[in-house]
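Notes for the structure review
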Amino acid sequence: MLKKREQELLLAITIVAFLIFMFAFRGNKELKILLIFAFYFFASLIYDLDSRYPIIAAIFLLISAAIVLSKNEELANNLAIYAYYFLVVGVALQLVEYLREHREEEEEELPELRGKCIAIASGKGGVGKTTIASNLAVALAKIEKRCILIDFDFSMPNLDIAMGIKPEKNLKDFLFNNAEIEECIYYAHGCDVLPTLPIPNFFKKEENVGKLKELINKIKEKYEILLMDFPPGSNIELLEAIGRDMSLILVTNPEKLSLLDSFNIASIAREKENKVIGIILNRVEEEIDVDSIENEMGLPIIALLPEDSMVRESLNKEIPIVSEEPEREFSREIMKLAKFLVRVLS
Ligand code: ADP
Ligand code: MG
């Protein structure tokens, strides 16, 4: 997707071209109508508007034309012509979409990775870490990356629900009840999942941190990516347990305080020499000035995820939305993020 400034520039160019042509063809009504549709086509391309809208409009106009045909033939004719223009715009947009996706697929020769640790972290709870971690894992599995999703949120673990698994044993059993790690890992939607139960005061005991380190080292070689759902907060202990090899992705909502939390966590992570890959802005409902946030934070925004009630519904059904509704904007953005990550990590 284009950045806001690029979109504004392209729209300005399109408007100027539109006005010039409108003036040049001022005497020709048909051409002027064609120009309006051409303008709609380019605006849809620039702002990535849904290509189904013009097709729906065409169907609606055709039905209207059929209804008014017996009473007003001229109006019915005009409606049918507009329906035809909308249809052409819709089909052209679908074609562009198809070609874009096809080209992206062809361009993609994704590199093989080895034991890359990524933490999905945030300042506060409830910003969407678990939702993003689970969907990102499914997206990585879809592009054939061997991935394990680990629940390190020892205060409010819920990855099992997000991934729709009913674990008998979990990380807690591995850490404290001598369970084998293989018994605690479950397969769902193409990737492995290591769930946990709440473990109060986990980090108060130093030996626990040591056990985590051991665990990571044990399973690291088996996977290309280890995706970790972190508890909210800076979690210095977790950073120390996993070490400098781990990169962070910070999830925030597009509010000042949430952004500030991420800024603070990024500073702590950098002190510990952990790489911060970037920020995911989740639950975006209005236009965002990406450039100014990136400048203020000193970090790139690597995904903008829309507010979408389907995300909540999927969670209630215990199926990640990337699996259930791959065509949703949320899912498509997560897919793009997965491919971006693979390239960044290689
Ligand atoms: P965290 O793990 O950071 O505590 P969760 O992933 O559990 O956050 O998300 C908290 C709530 O927000 C959940 O009910 C989830 O469905 C909802 N949610 C997360 N992202 C979105 C989104 N983009 N649109 C709508 N609801 C969302
Ligand atoms: Mg969570």
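For the structure given in this document, a descriptive report is provided here. (Residues numbered from 1 in each chain as written. Chains lettered and ligands numbered in written order. Predicted model: local features only at pLDDT ≥ 70, side-chain atom pairs only at ≥ 80, totals over all residues. Heavy atoms only, no water.)

**A short note on the overall build of the chain**
Scanning the chain for helices and strands turns up 15 helices and eight strands. Expressed as lengths along the three principal axes of its C-alpha atoms, the size of the chain is roughly 80 × 40 × 35 Å. Of all 346 residues assigned to the chain, the portion counted as buried reaches 47%. Partitioning the contacts of the chain with sequence separation of at least 6, the portion at a separation of at least 24 is 72%. With the model as given, the accessible surface of the chain reaches about 18,600 Å², and the carbon-plus-sulfur share is 56%. Looking at charge distribution, the chain has the averaged site of its 40 positive side-chain charges lying 2 Å from that of its 55 negative ones. (Helix = DSSP H or I, 4+ residues; strand = E, 2+ residues; numbered from the N terminus. Buried < 20%, exposed > 50% of the residue type's maximum accessible area, 1.4 Å probe, protein only. Contact = heavy atoms within 4.5 Å. Areas by Shrake-Rupley, 256 points an atom, 1.4 Å probe, with all protein chains shown as cover. Lys, Arg positive; Asp, Glu negative; His and termini not counted. Charge placed at Lys NZ, Arg CZ, Asp CG, Glu CD.)

**Quick word on the packing of aromatic side chains**
Evaluation of the coordinates by the stated rule reveals 13 aromatic pairs. When the centroid spacing of 5.2 Å and the interplanar angle of 55° are considered together, the rings of phenylalanine 37 and tyrosine 85 count as tilted. Remark: tyrosine 85 occurs in helix H4 (residues 73-107) and phenylalanine 37 occurs in helix H2 (residues 29-47); sequence separation between them is 48 residues. For the pair phenylalanine 37 and tyrosine 85, a shared accessibility class is recorded, and that class is buried. For the pair phenylalanine 41 and phenylalanine 42, a centre-to-centre distance of 5.3 Å together with 70° between the ring planes defines the contact as edge-to-face. Counting every residue linked through ring pairs, the aromatic cluster contains Phe37, Tyr40, Tyr82, Tyr84, Tyr85 and Phe86. Cation over ring: arginine 26 sits above phenylalanine 23, and NZ or CZ is 4.3 Å from the ring centre. (Phe/Tyr/Trp six-rings, centres within 6.5 Å; stacked < 30°, edge-to-face > 60°. Lys NZ or Arg CZ within 6 Å of the ring centre and 35° of its normal.)

**Some thoughts on the pairing of strand E4 (residues 191-194)**
The side-chain alternation of E4 yields two buried faces, one formed by Cys191 and Val193 and the other by Asp192 and Leu194. Here strand E2 (residues 147-151) pairs with E4 via three bridges, running parallel. Within E4, the residue paired with isoleucine 150 across the bridge is leucine 194. Taken together, the three bridges between strand E3 (residues 186-188) and E4 define a ladder with antiparallel strand orientation. In the strand pairing of E4, alanine 188 is matched with cysteine 191. The antiparallel pairing of E3 with E4 creates a hairpin that spans two residues between the two strands, and histidine 189 there sits at a positive phi of about 50°. (Pairing = 2+ DSSP bridges.)

**Describing helix H5 (residues 129-142)**
Along its 14 residues, H5 runs 20 Å from first to last C-alpha, staying within 8% of the 20 Å computed at 1.5 Å per residue. Judged by how many residues are buried, H5 sits mostly within the fold: 13 of 14 residues are covered. Where H5 ends, the next residue or the one after it, glutamate 144, has phi of about 65°, a positive value. (Expected span 1.5 Å × (residues − 1).)

**Structural notes on a nonpolar patch on the surface**
A contiguous nonpolar patch, built from Leu9, Leu10 and Ile13 and spanning about 280 Å² of accessible area, is present on the exposed surface. Structurally, leucine 10 can be placed in helix H1 (residues 4-24). Residue classification places leucine 10 among the partly exposed residues on the basis of a relative accessible area of 34%. (Patch = residues over 30% accessible without salt bridge, like charges linked within 9 Å, V, L, I, M, F, W, Y side chains within 5 Å. Salt bridge = Lys/Arg side-chain N within 4 Å of Asp/Glu carboxyl O.)

**Focus: the layout of surface pockets**
Space inside the second largest pocket adds up to approximately 490 Å³. Along its surface, the second largest pocket is lined by 23 residues, and Gly126, Val127, Gly128, Lys129 and Thr131 are the ones closest to its centre. Those elements giving two or more residues to the lining of the second largest pocket turn out to be H5, helix H6 (159-163), strand E7 (275-284) and helix H13 (309-317). (1 Å grid on protein atoms, 1.4 Å probe; cavity = no way out; pocket = protein on both sides within 12 Å on 5 of 7 lines; lining within 4 Å. Points joined across faces, edges and corners; volume = space filled by probe spheres on them.)

**Concerning the nonpolar core**
Counting 47 residues, the largest nonpolar core has Phe152, Met228, Phe230, Ile242 and Leu248 as the members making the most contacts within it. No other element matches the five residues that helix H9 (residues 206-220) contributes to this core. Once residues lying within four places of it in the same chain are set aside, the contact partners of phenylalanine 230 are Ala119, Ile120, Ala121, Lys129, Phe152, Asp153, Asn235, Leu238, Leu239, Ile242 and Met246. Listed in part, the 44 residues of the second largest apolar core include Ile143, Ile225, Val322 and Leu337. (Core = buried A, V, L, I, M, F, W, Y, C linked by side-chain atoms within 4.5 Å.)

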